[in-house]
Amino acid sequence: MPHRSTPSQESVSSAGSSTLDLSINTAPYPFLTMFARSSIVAVLKSAVVVGYLCIEDRDATFHFGNEKTDGTVVHLRVLSGKFWTRIFSSGDLGFSEAYMIGEVEIENLKSIMDLWLDNQSTVSSVSSLYSRLVAAFSGLRNAFFGQTRSRARLNVIASYDQSNELFKAFLSKEMMYSCALWSDDEGGVRGDLIKGPAPLDLENAQMRKIHHVLQTARVKPGDRLLEFGTGWGALAIEAAASYGCEVDTLTLSSEQKALAEERIRERGLVGRVRVHLMDYRDIPPEFEHAFDAFVSIEMLEHVGSKYYRKYFELVDFALKPATATVVVTSSTFPEGRYTGYQADDFMRRYMWPNSCLPSATVLIDAAYAASNGRFTLEGVENHAPHYPRTLRTWDRRLKANLSQETMARQYPALRDRATYGAFLRKWGYLFAYAGAGFAKGYITCHMLTFVRASDVTVACD
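In this report, we go over the structure that sits alongside the text.

**Section: the packing of aromatic side chains**
Applying the stated criterion to the full structure yields 37 aromatic pairs. Between Tyr 99 and Tyr 429, the aromatic rings sit 5.7 Å apart at their centres with planes inclined by 40 degrees, giving tilted as the arrangement. Of this pair, Tyr 99 sits in helix H2 (residues 82–101) while Tyr 429 sits in helix H17 (residues 417–439), and the two are 330 residues apart along the sequence. Note on Tyr 99: relative accessible area 14%, which makes it buried. Taken together, the aromatic side chains of Phe 167, Phe 170, Tyr 177, Trp 232, Trp 352, Tyr 387, Trp 394, Trp 427, Phe 431 and Phe 438 make up a single cluster linked through ring pairs. The lysine or arginine in question, Arg 281, covers the ring of Tyr 307, its NZ or CZ lying 4.7 Å from the ring centre. The side chain of Arg 389 reaches across the aromatic face of Trp 182, ending 4.1 Å from its centre.

Here it is, written out as structure tokens:
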């Protein structure tokens, strides 16, 4: 049962009652902040039916749900009235911004993600009026407030994710920026929670993922492999070094290309792995029917629903007419939650601008239509249970390994303590936000395998 209390007065309340201290010593918030707070509190009163939420503000403490619940318990402490107006104007995106800027303290970041997902159905059902108010207020905010100091800081930290040194701090040694595959050797998907992390757990799990993808793609010595999304070259290098392939791989990042080519030289694979700074839509005519296999690891999230068919048309164009395999992995929405239009949220604003999660069915349909039936579905795997541990491991490594000095050498603005703090909280928010999404089934992670329609992948007579 929601109720409100104040830190300055003891109150006695029974179940279903509410208490309010009227003798508030602190200066009241401005009208706009109070309006935002009261609107949000009204939504939360009906929305939190699973778990318990306590919000401590400077003049009152608000309680939602059942404090004696067996579900998720969340404690927030508001440090600035901007917390309320930010959420009122931008919803969950505003909450992420308030956290990054330091306008709210959270005892356990993962817990607020779990609480939100546990109550998602009720949040949606009671928030239609709130959504209309948000839309109106958002326009007013942009018109009247413009580029505030906090907004400027948020814009800064949104653009500092191109550094190889940043990713070296938390990725495994081969630098795979995608879901690892955990086995009993590492204690499974919860091994880090049960027995604690081990130094090379992530390296082993990521190498298992690479080999699983390449084996599923049926590559063999002498095959030509095409990859969309180089990353830092880990899969391409392994395909050439361990499977004897010749690889062409595409990236849009000059920094990734430079480091991938450095690693290719170190492994003596120059000429066998070629990194192209190229959009996938610009593959050259000589790629037509030149490749035995195609792989793409978590790049489809950046293609956009408008271009899924074009994407698979080009894969069909590049692969040989027979005995060819396609393996793609992507974070996905369950079919019931997928839409081609996906509104701005934390991920699309601060991590991957303009990204769009597909669903498995949408990709399967696009592959079939784009190839005029020349691709047929061979296999579907859901790797979502493996992602939370991957994200937890990245979070631990980032906190242990990244230094402000290292980042400030490339981005001088990060010498400012507040800006660097916001930058770190952004990454912590990502790991918790995505981890809860995968753990609760809000998002999934599929690996899809296609073969040519006439291919027989297993001898059976």
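**Observations concerning helix H10 (residues 234–243)**
Taken across its 10 residues, H10 has eight buried, putting it largely inside the fold. Among the residues of H10, those classed as buried are Ala 234, Leu 235, Ala 236, Ile 237, Glu 238, Ala 239, Ala 240 and Tyr 243.

**Some words on the sheet that holds strand S8 (residues 273–277)**
The sheet built from seven strands is open, its strands ordered S8-S7-S6-S9-S10-S12-S11 with mixed pairing. Single-partner strands in this sheet number two, and they are S8 and strand S11 (375–382). Mean inter-strand twist for the sheet, computed between neighbouring axes without regard to direction, equals 20 degrees.

**Let's talk about a nonpolar patch on the surface**
Taken together, the side chains of Phe 31, Leu 32 and Phe 35 define a hydrophobic patch exposed on the protein surface, amounting to about 320 Å² of accessible area. Relative to the elements of secondary structure, Leu 32 occurs in helix H1 (residues 31–47). The class of Leu 32 is partly exposed, set by a relative accessible area of 34%.

Rules and cut-offs
- Residues numbered from 1 in each chain as written.
- Predicted model: local features only at pLDDT ≥ 70, side-chain atom pairs only at ≥ 80, totals over all residues.
- Heavy atoms only, no water.
- Phe/Tyr/Trp six-rings, centres within 6.5 Å; stacked < 30°, edge-to-face > 60°.
- Helix = DSSP H or I, 4+ residues; strand = E, 2+ residues; numbered from the N terminus.
- Buried < 20%, exposed > 50% of the residue type's maximum accessible area, 1.4 Å probe, protein only.
- Lys NZ or Arg CZ within 6 Å of the ring centre and 35° of its normal.
- Pairing = 2+ DSSP bridges.
- Axes fitted to C-alpha atoms, helices over the stretch in contact; angles between N-to-C directions.
- Patch = residues over 30% accessible without salt bridge, like charges linked within 9 Å, V, L, I, M, F, W, Y side chains within 5 Å.
- Areas by Shrake-Rupley, 256 points an atom, 1.4 Å probe, with all protein chains shown as cover.
- Salt bridge = Lys/Arg side-chain N within 4 Å of Asp/Glu carboxyl O.

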